[in-house]
Amino acid sequence: MTTTFTDETRERARDIIARYPADRSRSALLPLLHLVQAEEGYVSPAGVAFCAEVLGLNKAQVGAVATFYTMYKRKPTGDFLVSVCTNTMCNVLGGQEVYDTLAEHLGVGHDETTADGTITLEHAECLAACDYGPVMTVNYDFFDGVDASTAVGVVDELRAGGRPMPTRGARLCTLKEMAVQLAGFADERDGAVADGGPGEPTLRGLRLAQQHGVSVPGFDPNTPIRSKAEADKAAAEAKAKAEAAKPAPVEASAAPVKGGDGASAPTGAAGVAEPAKPAEATGPAKPAEATGPAKPADASGSTTRDVKAPDDKSPQVRTAETRQPDAGTAVPDAPGTKVPTDGTGTAPEAGDARAAEAAGVAANAPAGDGKPAGDEAGAQERNLTEAKAGTDADGTGPADANETGAQK
């Protein structure tokens, strides 16, 4: 059966889409799914088609999202969704017993709805309230520290038309009303917004920290959170200060040349070190000072010091250049990079790597029409013709089927 959505739903859909940039309207899919669930009580095939229509998507794309998130129900759901946490913490505290008792009391199992259409029961992996376990929610509002008897009392009151007050939050509403809020629209009911704060179990760690004077070193709770622009500016200033604090690199031409006696050799008028004079025959030459082993030459014969790769390139670009550098873009002797040569020590021309890649792609035509690449129709027809004619592969005479197959 096709559902025609109301004008109010269509108007709200336009409001939701308008919240996003024109070229990012697909981001409105999640609230739109809540919106169609607010009208039908679940995301039906008609709801999927509606979302696809207003967003310009296909139904498969919408269905993939609707089936991924458990908050979107794919079959009619009761007015009140009762979720019982049966994960580790709540289970240890009795969550499984609460769920089993409710299942027997209501006569339904997981993701099933009572005959009167009031309650849908489900067990939840985690409801993110371990400090209040065992917990259950009714349309995502919390009932903390429940046991089997209190849980039965809550569902009985719901089936009788009552609205039990959650432990935290505002008074209950139906699942359809909750879906409107999840779609991003305010709840207009009186008392829909309730004041409240964290309970003692949540605050216990803070209380202990205050009692024992535990705090983060240098933390000031009154310090405002910086904006992104301020944080970027501070990071740039810190980086500039760190760069300024680095010692200047020592140029090879400025280093003094040791003479035979270990003393600095005089420099010429241009400030360039003169060649060291050979040691006189007045005594044996002193051994060279231990200044550390010289840097070994790499595979290309280069002994140039390592140069840091440019910081303005993305990691993906640097990785690609490291694996297949190009003569025009590679940084010679950058860490981990080697400019390839043609065997004569000459680097290739810029763009050779890209040209070789393009030639390889052109020589390997992609597969099409469900056939593997290189499977030509002409070869298939020729083989069929030869088989019908009973000739061998050379067409010189009849051949045994096995021989024909072996030759082919």
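Residues numbered from 1 in each chain as written. Predicted model: local features only at pLDDT ≥ 70, side-chain atom pairs only at ≥ 80, totals over all residues. Heavy atoms only, no water.

So what's going on with the overall build of the protein chain? Residues and values would help.
Within the protein chain, the regular secondary structure consists of 14 helices and 5 strands. Considering only contacts within the protein chain whose residues lie at least 6 apart along the sequence, 54% involve residues at least 24 apart. Accessible surface computed for the protein chain: about 26,900 Å², of which carbon and sulfur atoms make up 55%. (Helix = DSSP H or I, 4+ residues; strand = E, 2+ residues; numbered from the N terminus. Contact = heavy atoms within 4.5 Å. Areas by Shrake-Rupley, 256 points an atom, 1.4 Å probe, with all protein chains shown as cover.)

I'd like a description of the sheet that holds strand β3 (residues 119–124), backed by residues and values.
In spatial order, the strands read β2-β3-β1-β4-β5; together these 5 strands make up an open sheet with mixed pairing. Of all the strands in the sheet, the pair left with one neighbour each is β2 (112–113) and β5 (141–143). Note that strand β4 (residues 136–138) and β5 share 3 bridges and pair antiparallel. Looking at the pairing, V138 lines up with D141 of β5. Relative to β4, helix α7 (residues 148–159) is tilted by about 10°, and along the sheet it contacts β1 (80–85), β3, β4 and β5. (Pairing = 2+ DSSP bridges. Axes fitted to C-alpha atoms, helices over the stretch in contact; angles between N-to-C directions.)

Which residues make up the side chain of T9, and what values go with them?
Inspection of the secondary structure assignment puts T9 in helix α1 (residues 7–17). Judged by its relative accessible area of 8%, T9 falls in the buried class. (Buried < 20%, exposed > 50% of the residue type's maximum accessible area, 1.4 Å probe, protein only.)

With reference to specific residues and values, describe the pairing of β1.
The element β1 is largely enclosed, with a buried count of 6 among its 6 residues. Alternating positions in β1 separate into two faces, F80, V82 and V84 on one and L81, S83 and C85 on the other, with burial throughout. In the sheet, β1 pairs with β3 via 6 bridges, with the strands oriented parallel. Paired with L81 across the strands is T120, a residue of β3.

Can you tell me about unusual backbone geometry, naming the residues and giving the values?
Residues G133 and P134 are joined by a peptide bond in cis, for which omega reads -5°. Note on placement: P134 falls in the loop between β3 and β4. One non-glycine residue, A128, lies in positive phi territory at about 60°. In this fold, A128 is placed in the loop between β3 and β4. A residue is classified by how much of its surface remains accessible, and A128, at 68% relative accessible area, is exposed. Of note, N139 is a non-glycine position whose phi angle comes to about 50°, a positive value. Structurally, N139 is set in the loop between β4 and β5.

Account for the packing of aromatic side chains, with residues named and values stated.
Under the definition given, this model contains 3 aromatic pairs. Ring centres of F5 and F50 lie 4.8 Å apart, and the angle between their planes is 40°; on these two criteria the pair is classed as tilted. Remark: F50 occurs in helix α3 (residues 45–55) and F5 occurs in the segment before α1; sequence separation between them is 45 residues. F50 carries the same exposure label as F5, and that label is buried. Aromatic rings pair up to connect F68, Y69 and Y72 into one cluster. Sitting over the face of the ring of F185, R19 holds its NZ or CZ atom 5.0 Å from the ring centroid. (Phe/Tyr/Trp six-rings, centres within 6.5 Å; stacked < 30°, edge-to-face > 60°. Lys NZ or Arg CZ within 6 Å of the ring centre and 35° of its normal.)

I'd like to hear about the confidence of the model for the protein chain, residue by residue, with values.
Any residue range with low pLDDT should be treated as having predicted coordinates unsuitable for detailed reading. Scored by pLDDT, the protein chain has a mean of 75; 62% of the residues are at 70 or more. Confidence drops under pLDDT 50 across residues 267–273; counting only partners more than four residues distant or on other chains, this segment forms 5 contacts. Contacts for the low-pLDDT stretch residues 398–408, under 50 throughout, to residues beyond four places or in other chains number 12 contacts. (pLDDT = per-residue confidence, 0-100.)

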